[in-house]
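Overview (structure and organization)
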Amino acid sequence: MDKAQIIGILKDISVFLELKGENSFKIRAYQSGARALERLEDNFDNIVKEGKIASLQGIGQALALKIETLYHESHLPFYDNLKASIAPGLIEFLDIPGLGGKKVKHIHDALGIETIEALKEACESGTIEALDGFGAKSAEKILSGIANREAYGKRHLWWSVQEFVQEIVSGLEAHALVKRASVAGSFRRRLETVGDLDFIVASDTPEPIMDWFTEIEGVKEITAKGETKSSVRFENGIQADLRIVTEKEFVFALHHFTGSKDHNVMMRQRALSRGYRLSEWGIFDKDSGENIPIEEVNLIQTEADLFKFFDLEMIEPELREGLGEILAAENKKLPRLIESNEIKGVFHNHTTLSDGMNTLDEMVEQAESLGWSYLGFADHSKSSVQANGLNEERVHKMIEQIQSFNESGSSSVTAFSGIECDILKDGTLDLDESVLGQLDYVVASVHSSFSQSEEEMTQRVIRAIESPSVTMLGHPTGRLLLRREGYQINISKVIDAAIANKVIIEINANPQRLDMDWRFWKQAVQRGLMCSINPDAHSIKNLGYYEAGVNIARKGWVEANSLLNTRDTDGIKRWFSKRL
Ligand code: DGT
Ligand code: CA
Ligand code: CA
Ligand code: ZN
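Values in this document were obtained by computation on a predicted structure and should not be read as measured data.

**Overview of the site of ligand 1**
- Neighbouring residues of ligand 1: 15 residues in total, closest R155, S186, R189, G195 and D196.
- In the model, an oxygen atom of ligand 1 is placed 2.9 Å from a nitrogen or oxygen of the R189 side chain.
- D198 places a polar side-chain atom, nitrogen or oxygen, 3.2 Å from an oxygen atom of ligand 1.
- Contact with the protein chains removes 68% of the 600 Å² of surface that ligand 1 exposes when unbound.
- Broken down by secondary-structure element, the contributors of at least two residues to the shell around ligand 1 are α11 (185-188), α13 (250-258) and α14 (261-273).
- Among the residues making up the shell around ligand 1, the classes are represented as two nonpolar, eight polar and five charged.
- Domain assignment of the residues forming the shell around ligand 1 places at least three in each of domain 2 (155-247) and domain 3 (255-334).

In structure tokens form, the structure reads like this:
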């Protein structure tokens, strides 16, 4: 396990111990252990390998042993047993924002509640708000947390299922009786979250493939099994459909089940207006009662051929959302979608100076191995106390550190000095302009007072955008996918202000954020907004999130010339100094 995963386990342990009412010494040992690792500025792997974990402040011998076990063996019997000793329902409670170990224990002790259903009832009946330490507000918050769980519960982050999908596709492709195989549906369109997974296969012998599919490890329930379609549910809650068609039908089925529904409706209309009927099975003559496939249809092998048949340019799956892609394809005005390998570096990354897991050197090394030319550092500012944000003095030190790093010539990667500066309640910035002005760039973000009215929040963010030193706006709505709605904000006014002030808006590429949403980008870039894909990395591993950002940029019709990250180092310097 890597450092970030181990920190996660230590935090879980402290919460589970709280939930079990263990003594606070024990609980604090895990909390301070997690914090010690978070603040660690030296290379974690080396420390473990040299057996020096126990020498870190805040980590005793016993905890050091557990950390070593996690590091080497990726699991810890103590943790597994602890988790198994807690009712699963209570662990689910912990997912509800505002419910920590102590509160869950309190609810459980006082009311004996162990299921979400019972918790919901207790909130509605007023039992929760009558509890010591709870009130009407907390009951309301729990209820909205439960409602969100229900609304989102059936969906999954695209990012979290990608490996799983890849394994299934590879398994299908490797199957001797499979001629062609692909994932379809929202996953293929790279939507930020997916409901169920859809797989399409071409084969003349479906039965053994259906057997293979329904026997994949982790299948919990087979909800349907037939000649052409099977559906399963996996232990991790994901549902998947497999459809098997003939080779001739494959491209039509793939196109149909890739969707979106809106895109399909428009394609069918286009077909009808030209005298054809398009379906998941093929293209048919609209008027002949027998729906006999027409000759040219046999020449359609790929989706590009299918679009061409209707005089359209190839429309990549990401664009098939019924948002003007067909008209654009007709007029040869589709965007040229960016590719991952066009990214030359990213901004908005955290290091051990604030709440990141890795040092500047480690981050740069990773950037180098990704083939990037530069990397920007934007640790938190002082108001983010819990994240160990930087005050003026520490900002100066950081600038010096980055300067000497660049002067040392030790790396092919140029480091840029930035900060993720808190936007305070009134829209002023957490650090003085005189300090901010010395940095290469400033990412301004809201991290507090989320419950302001839409007007207040919009004014607050616009005021920050208008500050001379602000280069980009961080996660503009603060949403957490499947978990929390963004704060109230008028995003189109924010976009207007950003364009007027030549401030970049980020695509926060953390798979849980993907904020600003792709649905806003098409219009915004057409009106001149600049974009930056920002992984908001808190570890070297998280730098990989940029790929999720590329997905969103593609869905948002963002082309290379509107994307900061495609510029070379001089181009970045030009933007930072002149906004050109
Ligand atoms: P999801 O699963 O909710 O994330 O979204 P999708 O897009 O994967 O939707 P899903 O799995 O229900 O269906 C896969 C595709 O099949 C969908 O994108 C378009 C096509 N499709 C499904 N139902 C209909 C329909 O009623 N009309 C049309 N035109 N297409 C449909
Ligand atoms: Ca689906
Ligand atoms: Ca489906
Ligand atoms: Zn942030």
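**Section: the packing of aromatic side chains**
- Counted according to the given criterion, the structure contains 20 aromatic pairs.
- Pairing F347 with F416 gives two aromatic rings, centres 6.3 Å apart and planes at 45°, and the pair type is tilted. Separated by 69 residues along the polypeptide, F347 in the loop between β10 (345-346) and α17 (360-369) and F416 in strand β12 (residues 414-422) bring together distant segments of the chain.
- When the ring centre of F134 is taken as origin, the NZ or CZ atom of K103, which lies over that ring, is 5.5 Å away.
- A cation sits over an aromatic face here: K522 above W557, 4.1 Å from the ring centre.

**Overview of the nonpolar core**
- Ranked by internal contacts, the top residues of the largest apolar core, which has 70 residues, are I343, L375, V395, I419, I505, W521 and I533.
- Apart from residues no more than four positions distant in its own chain, I505 is found in contact with L473, P476, V494, I495, A498, M516, W521, L529, M530, C531 and S532.
- Counting 50 residues, the second-largest nonpolar core is a separate cluster that includes I13, L56, Y71 and L99.

**Regarding the coordination of the calcium ion (ligand 2)**
- Distances from the calcium ion (ligand 2) to its protein donors, D196 (O), D196 (OD) and D198 (OD), fall within 2.2 to 2.5 Å.
- Of note is the calcium ion (ligand 2), whose six donor atoms meet at the metal with angles of 71 to 170° in an arrangement that counts as irregular.
- Separating the calcium ion (ligand 2) from the calcium ion (ligand 3) is a gap of 3.7 Å, which D196 spans by donating to each of them.
- Among the residues examined, D196 registers a relative accessible area of 30% and is labelled partly exposed.
- Residue class for D198 comes out buried when judged on its relative accessible area of 9%.

**Some words on the pattern of salt bridges**
- According to the stated counting rule, one finds 27 salt bridges in the structure shown.
- Between E38 and K11 there is a salt bridge, with the nearest N and O atoms lying 2.6 Å from each other. Of the two residues, E38 is situated in helix α2 (residues 24-39) and K11 in helix α1 (residues 3-20); the sequence distance between them amounts to 27 residues.
- With a shortest N-O distance of 2.7 Å, K555 and E321 are connected by a salt bridge.

**A word on the coordination of the calcium ion (ligand 3)**
- All of the protein donors around the calcium ion (ligand 3) are D196 (OD), D196 (OD), D198 (OD) and D241 (OD); their distances to the metal are 2.3 to 2.8 Å.
- Along the chain, the residues donating to the calcium ion (ligand 3) are arranged with the sequence spacing D-x1-D-x42-D.

**Things to note about the sheet that holds strand β15 (residues 504-508)**
- Pairing in this open sheet of seven strands is parallel, and the strands run β10-β11-β12-β13-β14-β15-β16 from one edge to the other. Every other strand in the sheet has two partners, leaving β10 and β16 (531-534) as the edge strands with one partner each.
- As paired elements, strand β14 (residues 472-473) and β15 share two bridges and run parallel to each other. Following the sheet pairing, M472 is matched in β15 by I504.
- Those strands touched by helix α23 (residues 546-555) are β10, β15 and β16, and its axis lies near 150° from that of β16.

**Quick word on α1**
- Its 18 residues place the ends of α1 26 Å apart at the C-alpha level, agreeing with the 26 Å of an ideal helix rising 1.5 Å per residue.
- Tucked inside the fold, the buried residues of α1 contact α2, α3 (44-49), α4 (61-73), α5 (77-84), α6 (88-93) and α7 (101-111).
- Capping of α1 at its N-terminal end is provided by D2; its side-chain oxygen lies 3.2 Å from the backbone amide nitrogen of A4.
- Remark: G21 follows α1 within two positions and exhibits a positive phi of approximately 75°.

**Topic: the domain arrangement of the protein**
- According to the domain assignment, the protein consists of domain 1 (3-152), domain 2 (155-247), domain 3 (255-334) and domain 4 (340-578).
- Each side of the interface is counted separately: domain 2 has 10 residues, and domain 4 has 14 residues.
- Taken together, both faces of the contact between domain 2 and domain 4 bury some 1000 Å²; the carbon and sulfur share is 68%.
- Taken together, the connections running from domain 2 to domain 4 amount to one salt bridge.
- Measuring nitrogen to oxygen at the nearest pair gives 2.9 Å for the salt bridge that ties E192 to R519.
- Joining domain 2 to domain 4, the criterion identifies four residue pairs in polar contact (both at pLDDT 80 or more).
- Of all the elements in the fold, those that place two or more residues in the side of domain 2 that touches domain 4 are β1 (156-157) and α10 (158-174).
- A class-by-class count of the residues in the side of domain 2 that touches domain 4 yields four nonpolar, two polar and four charged.

Cut-offs used in this document
Residues numbered from 1 in each chain as written. Chains lettered and ligands numbered in written order. Predicted model: local features only at pLDDT ≥ 70, side-chain atom pairs only at ≥ 80, totals over all residues. Heavy atoms only, no water. Near = heavy atom within 4 Å. Polar contact = N/O pair within 3.5 Å; in protein donor to acceptor, adjacent residues only side chain to side chain. Areas by Shrake-Rupley, 256 points an atom, 1.4 Å probe, with all protein chains shown as cover. Helix = DSSP H or I, 4+ residues; strand = E, 2+ residues; numbered from the N terminus. Nonpolar A, V, L, I, M, F, W, Y, C, P; charged D, E, K, R; others polar. Domains from an automatic or database assignment. Phe/Tyr/Trp six-rings, centres within 6.5 Å; stacked < 30°, edge-to-face > 60°. Lys NZ or Arg CZ within 6 Å of the ring centre and 35° of its normal. Core = buried A, V, L, I, M, F, W, Y, C linked by side-chain atoms within 4.5 Å. Buried < 20%, exposed > 50% of the residue type's maximum accessible area, 1.4 Å probe, protein only. Contact = heavy atoms within 4.5 Å. Donors = N, O, S within 2.8 Å, 3.2 Å for Na, K, Ca; no water. Tetrahedral: all angles 85-135°; square planar, octahedral: opposite > 155°, others 65-115°. Salt bridge = Lys/Arg side-chain N within 4 Å of Asp/Glu carboxyl O. Pairing = 2+ DSSP bridges. Axes fitted to C-alpha atoms, helices over the stretch in contact; angles between N-to-C directions. Expected span 1.5 Å × (residues − 1). Buried area = accessible area lost by both parts, 1.4 Å probe.

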